[in-house]
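Breakdown of the fold
Listed below, chain by chain, are the residues.
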Amino acid sequence: MEVSTTLWVLTILGLCLLIAADFLIGRKPHDVSVKEAGTWTVVWIVLAVLFGLGLLFFGSSQASGEFFAGFITEKSLSVDNLFVFVLIMAKFSVPSHLQQRVLLVGVLIALVLRAIFIAAGAAIITSFSWVFYIFGAFLIYTAWKLIQEARSDDGEEEFEENRLLKTIEKKFGVADRYHGTKLFIRTNGKRVLTPLMVVMLAIGTTDVLFALDSIPAIFGLTQDPYIVFTANAFALMGLRQLYFLIGGLLKKLVHLSYGLSVILGFIGVKLVLHALHESGVHVPEISIPFSLAVICGVLVVTTITSLIASKRQAERQAAAGAAAADTDRESVEA
């Protein structure tokens, strides 16, 4: 898909306006209700659908299909980010009324960093077609690693600060408590970070680690930098509202890692086949409609099996609790 400089500028300006509107509407720190989160989640999804339909009418069916496949993939992978966001919020004891501000700025940092990743990825792919082999192998390895982690998950995870974050904290210093929405304060004549700023940096920089698999994944669906960028932008910008909407449901998605591993493995195979095709080897290539069907199918099956497993687990816990209560009652009576 040929994209002019004018279209790039208009797209970035449009996204900036949407981000500004989102910031202005939620500029006052407050506890986000399920209704508010649900409304804005629907708004961002509708905007993404309208953008995809715009690509269909003004671009091509292939561009539209690639966008929807990329958007759904990035959205599903971003849900996995929410698990880490929950850990970060707990680690830094972020007040509930400040969490939306943390997520907004954190997501903006992530979007800028991902834009850099996308530009670098597009330049590498243009110059070195063999990089598809590396991307494909990396995604297959990541899929296997996800399954291993899911199978060996015995306890609660804890968030560990990355080296960059530790370096920033050591260099600038951190205040001992939150100061509203302030990012910096002066203590004993020295300018130091507030915990709010540290959390924002934690979310923004941690997302870079997720970009290491999500960016190659979407390049496996499309090599168009414009579609890669816009799919990532729409997936990330609705992430803040999704955090508040399904935060309580995350623990019920017990099979999410398995579903994501299947999707990453599938795209990894698709990338390897594409690389072989580019090298002149006659192998079948996986179409975008088939990719879209597989991705959606895996997510639907994963969600259904997760909810069934969570329900059975809750029933077992309730039965065990009732049995323990009966035992205690019998002991007291005896």
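What you see is a predicted model, and the numbers here were worked out from it, not measured in a lab.

A look at the side chain of Thr142
Its location among the elements puts Thr142 in helix H5 (residues 131-151). Separated by 2.8 Å, the side chain of Thr142 and the backbone oxygen of Phe138 make a polar contact. Aside from chain neighbours lying at most four places away, what touches Thr142 is Asp213 and Leu264.

A look at the confidence of the model for the protein chain
Within the protein chain, residue pLDDT values average 81, and 92% of them lie at 70 or more. Helix H8 (residues 225-237) holds the highest mean pLDDT among the elements of the protein chain, 89, whereas helix H6 (residues 163-172) holds the lowest, 76.

Points about a nonpolar patch on the surface
Together, Val42, Ile45, Val46, Val49, Leu50, Leu53, Leu56, Phe57 and Phe58 make up a nonpolar patch on the protein surface, roughly 870 Å² of accessible area in all. Of note, Phe58 is situated in helix H2 (residues 34-58).

Here's the deal with the packing of aromatic side chains
The geometry of an aromatic ring pair comes down to the distance between the two centres and the angle between the two planes. As enumerated under the stated definition, the model contains 10 aromatic pairs in all. Seen from their ring centres, Phe67 and Phe68 are 5.7 Å apart, and the 70 degrees between their planes marks the pair as edge-to-face. Using a relative accessible area of 0% as the deciding quantity, one classes Phe67 as buried. With a centroid separation of 6.1 Å and 55 degrees between ring planes, the pair formed by Phe266 and Phe290 is classed as tilted. Within this pair, whereas Phe266 is found in helix H10 (residues 256-278), its partner Phe290 is found in helix H11 (residues 288-333), the two being separated by 24 residues in sequence. The exposure class assigned to Phe290 is partly exposed, which follows from its relative accessible area of 47%. Ring-pair connections join several aromatic residues into one group, and the members of that group are Trp8, Phe51, Phe67, Phe68, Phe71, Tyr226, Phe229 and Phe234. The side chain of Arg191 reaches across the aromatic face of Phe184, ending 4.4 Å from its centre.

Rules of the game
Residues numbered from 1 in each chain as written. Predicted model: local features only at pLDDT ≥ 70, side-chain atom pairs only at ≥ 80, totals over all residues. Heavy atoms only, no water. Helix = DSSP H or I, 4+ residues; strand = E, 2+ residues; numbered from the N terminus. Polar contact = N/O pair within 3.5 Å; in protein donor to acceptor, adjacent residues only side chain to side chain. Contact = heavy atoms within 4.5 Å. pLDDT = per-residue confidence, 0-100. Patch = residues over 30% accessible without salt bridge, like charges linked within 9 Å, V, L, I, M, F, W, Y side chains within 5 Å. Areas by Shrake-Rupley, 256 points an atom, 1.4 Å probe, with all protein chains shown as cover. Salt bridge = Lys/Arg side-chain N within 4 Å of Asp/Glu carboxyl O. Phe/Tyr/Trp six-rings, centres within 6.5 Å; stacked < 30°, edge-to-face > 60°. Buried < 20%, exposed > 50% of the residue type's maximum accessible area, 1.4 Å probe, protein only. Lys NZ or Arg CZ within 6 Å of the ring centre and 35° of its normal.

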